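Chain by chain, the residues run as shown.
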Amino acid sequence: DAGVIQSPRHEVTEMGQEVTLRCKPISGHDYLFWYRQTMMRGLELLIYFNNNVPIDDSGMPEDRFSAKMPNASFSTLKIQPSEPRDSAVYFCASSRRDRARREAFFGQGTRLTVV
Amino acid sequence: AQKITQTQPGMFVQEKEAVTLDCTYDTSDQSYGLFWYKQPSSGEMIFLIYQGSYDEQNATEGRYSLNFQKARKSANLVISASQLGDSAMYFCAMREGTTGTASKLTFGTGTRLQVTL
């Protein structure tokens, strides 16, 4: 089975532009997570979904960030408008509730640079 | 308070030697899970090993083992017979509770391991 697939791998955009990051979780996984990794703050959980429903979005930094999961095989994280401080690596991960350890499998990440 | 603490920003180990990466955690839950992930320079996050709070034996996965000391709230990763390919960042993470919200992972700040010849 394919792993978690994220696109694009790299994104460079100008401040003020809209950015959309995409994620396809592993088939059969019912949890989907969006993490952000920066040198200053490490790995932060932004939001996660269970069965396509957002469960906890307390990590979303501000209203400029939004995430959707229209179906079990696709999720987006949108930043509008983007700012230089949003520059980071954004990871999508998925897991299965029926596995005792429920380890999260991560995508390759999207490296976002806002100039 | 930090939920996951990794006090070693960087570690060096010689090839073929064993190395221990420290992790302490803080939780009031009785049921929780502890994880270690590896992040090589290419950037992906790779799951290594898992320890459940009720597991009586320390987890092992090949050259990786987890030294779980529940009373001390520590979950150290031991890598035996280090290889050059083990050079990477290593993250300790915790999942708390057993309810539906208990699937999210909280990560430590990581330890950068460098394996030398």
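As a starting point, this report considers the structure included with it. (Residues numbered from 1 in each chain as written. Chains lettered and ligands numbered in written order. Predicted model: local features only at pLDDT ≥ 70, side-chain atom pairs only at ≥ 80, totals over all residues. Heavy atoms only, no water.)

## Concerning the overall build of chain A
Stated formally: Secondary structure elements follow DSSP: runs of H or I of four or more residues count as helices, runs of E of two or more count as strands, with numbering from the N terminus. Note that the radius of gyration is over C-alpha atoms, with the globule rule given as 2.2 Å times the number of residues to the power 0.38.
If you tally the helices and strands in chain A, you get zero helices and eleven strands. Helices and strands appear in chain A in the N-to-C order β-β-β-β-β-β-β-β-β-β-β. Taken over the C-alpha trace, chain A has a radius of gyration of 13 Å; the compact-globule value for 115 residues is 13 Å, and the two agree within 12%. Along the longest, intermediate and shortest principal axes, the C-alpha atoms of chain A span 40 × 25 × 25 Å.

## So, the sheet that holds strand 3 (residues 19-24) of chain A
Residue and element names in this part refer to chain A. How we decide: Strand pairing is assigned whenever DSSP identifies at least 2 bridges connecting the two strands. Geometry is summarised by axes, namely lines fitted to C-alpha atoms with helices restricted to the contacting stretch, and by angles between N-to-C directions that run from 0 to 180 degrees.
Spatially, 1-3-8-7 is the arrangement adopted by the four strands of the open sheet, whose pairing is antiparallel. Of all strands in the sheet, those with a lone pairing partner are strand 1 (5-7) and strand 7 (65-71), marking the two edges. Put simply, the sheet's adjacent strands are angled 15° from each other on average, direction ignored. As paired elements, strand 3 and strand 8 (residues 74-79) share five bridges and run antiparallel to each other. Bridge pairing links Val19 to Ile79 in strand 8.

## Quick notes on the packing of aromatic side chains
Heads up, the rule is: Only Phe, Tyr and Trp rings take part, Trp by its six-membered ring, and two of them pair if their centres are within 6.5 Å. Stacked means planes under 30 degrees apart, edge-to-face means over 60, and tilted covers everything else. Burial here depends on accessible area, computed with a 1.4 Å probe over protein chains only, as a share of the maximum for the residue type. Under 20% is buried, over 50% is exposed, and the range in between is partly exposed. Working rule: Lys NZ or Arg CZ, within 6 Å of ring centre, within 35 degrees of ring normal, means a charge sits over the ring.
Per the stated rule, a full pass over the model turns up 15 aromatic pairs over all chains. Consider the rings of Phe91(B) and Phe107(B), whose centres lie 6.4 Å apart with planes at 85°: the pair is edge-to-face. Of the two residues, Phe91(B) sits in strand 10 (residues 88-96) while Phe107(B) sits in strand 11 (residues 106-107), which places them 16 residues apart along the sequence. For the pair Phe91(B) and Phe107(B), one class covers both residues: buried. Grouped by ring-pair contacts, the aromatic residues Tyr31(A), Phe33(A), Tyr35(A), Tyr48(A), Phe91(A), Phe106(A), Phe35(B), Tyr37(B), Phe47(B), Tyr50(B), Phe91(B) and Phe107(B) constitute a single cluster. Seen from the ring of Tyr64(B), Arg63(B) lies directly overhead, with NZ or CZ sitting 5.8 Å from the centre.

## Examining the environment of Glu56(B)
With respect to the element layout, Glu56(B) can be found in the loop between strand 6 (46-52) and strand 7 (60-61). Spatially, the C-alpha atoms of Glu56(B) and Lys70(B) are 9.8 Å apart, while their sequence positions differ by 14 residues.

## Description of the interface of chain A and chain B
To keep it simple, the criterion reads: Residues are treated as being in contact if the distance between any of their heavy atoms lies within 4.5 Å. Summed over both partners, the accessible area lost on bringing two parts together, with a 1.4 Å probe, is the buried area. Salt bridges are identified by distance alone: a Lys or Arg side-chain nitrogen within 4 Å of an Asp or Glu carboxyl oxygen. The term polar contact refers here to a pair of N or O atoms within 3.5 Å; inside protein, the definition further demands a hydrogen-donor-capable atom paired with an acceptor-capable atom, and it admits residues adjacent in sequence only when both atoms are side-chain atoms. Put simply, Ala, Val, Leu, Ile, Met, Phe, Trp, Tyr, Cys and Pro go in the nonpolar bin, Asp, Glu, Lys and Arg in the charged bin, and everything else, Gly too, in the polar bin.
Contacts between the two partners involve 18 residues from chain A, matched on the other side by 20 residues from chain B. Between chain A and chain B the total buried area reaches about 1700 Å² when both faces are included, carbon and sulfur atoms providing 53% of it. Broken down residue by residue, the surface that chain A buries against chain B is led by Leu43(A), Arg101(A) and Arg102(A), which jointly contribute 33%. Seen at the junction of chain A and chain B, the total is one salt bridge. Here Lys104(B) makes a salt bridge to Asp56(A), at a shortest N to O gap of 2.9 Å. The interface formed by chain A and chain B holds four residue pairs in polar contact (both at pLDDT 80 or more) in total. The element contributing the most residues to the side of chain A that touches chain B is strand 4 (residues 31-38) of chain A, with four residues. Residues that form the side of chain A that touches chain B fall into these classes: eleven nonpolar, two polar and five charged.

## Focus: the nonpolar core
Residues and elements named next belong to chain B. Short version of the rule: Think of a nonpolar core as a cluster: buried Ala, Val, Leu, Ile, Met, Phe, Trp, Tyr and Cys residues, connected wherever their side-chain atoms sit within 4.5 Å.
Tyr25, Trp36, Ile49, Leu77 and Tyr90 are the most contacted members of the largest nonpolar core, which totals 24 residues. It is strand 10 that provides the largest number of residues to this core, a total of four residues. Here Tyr25 is in contact with Lys3, Ile4, Tyr32, Leu34, Phe68, Lys70, Lys73, Ser74, Ala75 and Met94, once residues within four sequence places are set aside.

## Details of the side chain of Gln6(B)
All names here are of chain B. If you trace the backbone, Gln6 turns up in the loop between strand 1 (4-5) and strand 2 (10-14). Polar contacts involving the side chain of Gln6 include one to the main-chain carbonyl oxygen of Tyr90, which spans 3.1 Å. Apart from the residues within four sequence positions on either side, Gln6 is in contact with Asp22, Trp36, Tyr90, Phe91, Cys92, Gly108, Thr109, Gly110 and Thr111.

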